[in-house]
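The chain contents come next:
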Amino acid sequence: MLKFEVEKRLRFFSLILFLAFILKYNYLMLHIFYAPSLTALIIRNLFFIIFYLKFVEPLLISKKIRQRLFLMLIIFTIFVLSNHWYNRYFGNFLSISDIFAGEGTGQFSMYEVLFTHIFKYWDVIFILDIVLLGITGFNSLPDLNLVKDWGFWKLSLKEIPIKNTTAFALIILLLLVQIVAGSYIMGGKSPAELYRSGSSYLASVYGILPLYTIEAYSYITREEEKPRPELKNIPYYKKQRQLSGIQKLPDKTNVILIQVESLDAKVLDYSKQGEQITPFLNKLKDQSLYFENFYAQKVNGSFDADLSTLTSLYPVNRSYVFRDIDLSAFQSLPLLLKEKNYQTLAFHNNDRNFFNRAEAYPDLGFDRFYSQRYFEENIYPVPEARGLGVNDYDYFNQAAEIIKEKAAAEEPFFAYLISLTSHTPFNFYPKTAVKEFAGVKNNLVQNYFRSINFTDAAIENFVNKLKEAGIMKNTLLVIYADHESEIKSIEYESDSDFTLWRNVKVPYHIPLIIKHPEIKNRIIKREGTTTDIAPTVLDLLGYQELPDQFVGSSLFLEEENPILFLHETPHLLKDGQLYIKELDQIIKVGHLKNQEKEITFSEAKINEITEIIDYMRSIFMINQGEIFKEVE
């Protein structure tokens, strides 16, 4: 009787252990890596079943083996959770490059961003198996001497005994069939070509461990010197009109771009108990051109906004361009304006090496980069222990003085300013300088409202100082965000309301305000993204053509092309309809709530989209290590 109870208990442990692994593995493949081949995944699951029942389960009679398997399950769970949380925030899997991306980005690393406000209480489901095995004695059960045919494999197949060599041959055959079938479905591409096309394709054919092995080797064998992309064979610029020519601002119009940290489109005109969160931006919006269907580019980090805004290109996942690539070959908005004798000025209130901007900005054409060391906290000092850079109010206040000096020169200026105080976890604001919003119960939401309200006041002071100096009379002001706040709570949710039937990253809905005395205020419904900002500015300044490199187009054009978001599996947005590009197909995965419609993509348009994706990857993924030389 005792022997039967022990065997029954061990079967329970075995079932929990195997189900825990197989469910988490399939969750990774389907939910994180978007494995496009279900056939290959089913065959791999058969491989896992046979391997476990034949070679792993019989070993569970050993206490030492059980302890090692338990430790491996904990490590695997940590890996799954890390990818789960990273995917929730960025929409991608956690790659080797992402793990080391915090290097050279200053005091605020990616790890703090990941674990600040993305954990949800239901995530504990991922550790229930570990808790259950732990409290029921999986590790403490002593070594067992059971009958030699213990285990489900021998119990169920004892009438048809299969030797270890036969089982091993079956397992190898299943692996080969899965790889051949998966490779055939993926077009017979090599591992390097699959990886360049997207990690989901490589994982689908060869599995997760080979993917990370190739990634690690790629990362280790990268060139130390930044490679310089060759911008040739550009596929798209002759196929579409990019400028409208409908309005030209006066000569020597100054340009100010303000990139606001974590500014949601939803927070504009949003009130809590009669208190507006962004009263100045609300007023400015009503006096300006406002694009209500505008979206951010963020597939890696905030520097994606810099890249897409200044170069009119799409950022690509796993490409930390400011760190890894020589950008001197790129055309950019500041370089083009320098040719017209503009002074080109960049401002940021964090450390100059944050996201390696100090290295990238000179290549992109900025004459001066005013970083944290140029500013002091005189008005609203924040204790260094809980601050992040210089607070926005002091920063914008002093930046206005610098701009006033530059405006006194004969040449016009281009000023690019990035704010910081409203960075997650939204607690870097001076406590004495903000509204209370006492009615907000959620602490994260309250801190966001306070920090963005503080930044709103900082921008108001900045604009008013320039207005008093007469500078705004001939200045084009553009305000947008790097991305959303990523808040999801009962009291406030940042993103747009999409109806989805696949796990995909919803596009970041951000505001775009364009203000100039000669531009009439109105709301424009046309969809756009930060890749379109530079063409729009140049359109207003009277440019007749754009550099071949620019993929964006002026937001004054009526024709709208799909917006691309180059995650591992590329996403497309068109007229509120959300798609993914999987292999050679465009697959609909959702739509804005109550805005569903049918859209068809011609074969020519799909080919054009494919060319753009391939081209972006070809220029931004050139520092991938020795293993990828064959596909460059």
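Note: the structure precedes this text.
To keep things clear, this report deals only with the structure shown in the data block.

Overview of the sheet that holds strand 15 (residues 585-592)
By definition, the strands of a sheet pair up through backbone hydrogen bonds, in either a parallel or an antiparallel sense.
Argument step 1. Taken in spatial order, the 5 strands line up as 9-15-14-13-12 in an open sheet, and their pairing is antiparallel. Edge strands, defined here as strands with exactly one partner in the open sheet, are strand 9 (498-500) and strand 12 (563-565). Taken pair by pair, the neighbouring strands of this sheet meet at an average axis angle of 30°, ignoring direction.
Argument step 2. Here strand 14 (residues 577-582) pairs with strand 15 via 6 bridges, running antiparallel. Note on strand 15: the bridge partner recorded for Glu582 is Gln585.

Some details on the pattern of salt bridges
Oppositely charged side chains may form a pair once their charged atoms are brought near each other.
Argument step 1. Within the structure shown, the criterion is met by 21 salt bridges.
Argument step 2. One salt bridge in this structure joins Lys404 and Glu401, with 3.5 Å as the shortest N-O distance. With Lys404 and Glu401 both in helix 17 (residues 392-407) and 3 residues apart, this pair spans about one turn of that helix.
Argument step 3. On the basis of relative accessibility, which here comes to 29%, the residue Lys404 falls in the partly exposed class.
Argument step 4. The partner of Glu596 in a salt bridge is Lys588, and the shortest N-O contact between them spans 3.8 Å.
Argument step 5. Linked through salt bridges whose partners overlap, the residues forming this network are Asp269, Lys285 and Asp286.

Topic: the pairing of strand 1 (residues 254-260)
Argument step 1. Taken across its 7 residues, strand 1 has 7 buried, putting it largely inside the fold.
Argument step 2. Here strand 1 shows a buried face lined by Asn254, Ile256, Ile258 and Val260 and a second buried face lined by Val255, Leu257 and Gln259.
Argument step 3. By the bridge criterion, 7 bridges tie strand 1 to strand 8 (residues 475-481) in an arrangement that is parallel. Within the sheet, the bridge partner assigned to Leu257 lies in strand 8 and is Val478.
Argument step 4. Bridging between strand 1 and strand 7 (residues 413-418) involves 5 bridges; their strand directions are parallel.

Re the packing of aromatic side chains
Argument step 1. In this structure the tally under the stated criterion is 43 aromatic pairs.
Argument step 2. Geometrically, the ring pair formed by Phe47 and Phe48 is tilted, given 5.3 Å between the ring centres and 50° between the ring planes. Both residues of the pair, Phe47 and Phe48, belong to the buried class.
Argument step 3. Here the aromatic residues Phe21, Tyr25, Phe33, Phe47, Phe48, Phe51, Phe55, Phe76, Phe79, Phe93 and Tyr212 are joined through ring pairs into a cluster of three or more.
Argument step 4. Over the ring of Tyr290 we find Lys285; its NZ or CZ atom is 4.9 Å from the centre of that ring.
Argument step 5. For the cation-ring pair, Lys340 lies above Tyr543, with the distance from its terminal atom to the ring centre recorded as 5.3 Å.

What counts and how
Residues numbered from 1 in each chain as written. Predicted model: local features only at pLDDT ≥ 70, side-chain atom pairs only at ≥ 80, totals over all residues. Heavy atoms only, no water. Pairing = 2+ DSSP bridges. Helix = DSSP H or I, 4+ residues; strand = E, 2+ residues; numbered from the N terminus. Axes fitted to C-alpha atoms, helices over the stretch in contact; angles between N-to-C directions. Salt bridge = Lys/Arg side-chain N within 4 Å of Asp/Glu carboxyl O. Buried < 20%, exposed > 50% of the residue type's maximum accessible area, 1.4 Å probe, protein only. Phe/Tyr/Trp six-rings, centres within 6.5 Å; stacked < 30°, edge-to-face > 60°. Lys NZ or Arg CZ within 6 Å of the ring centre and 35° of its normal.

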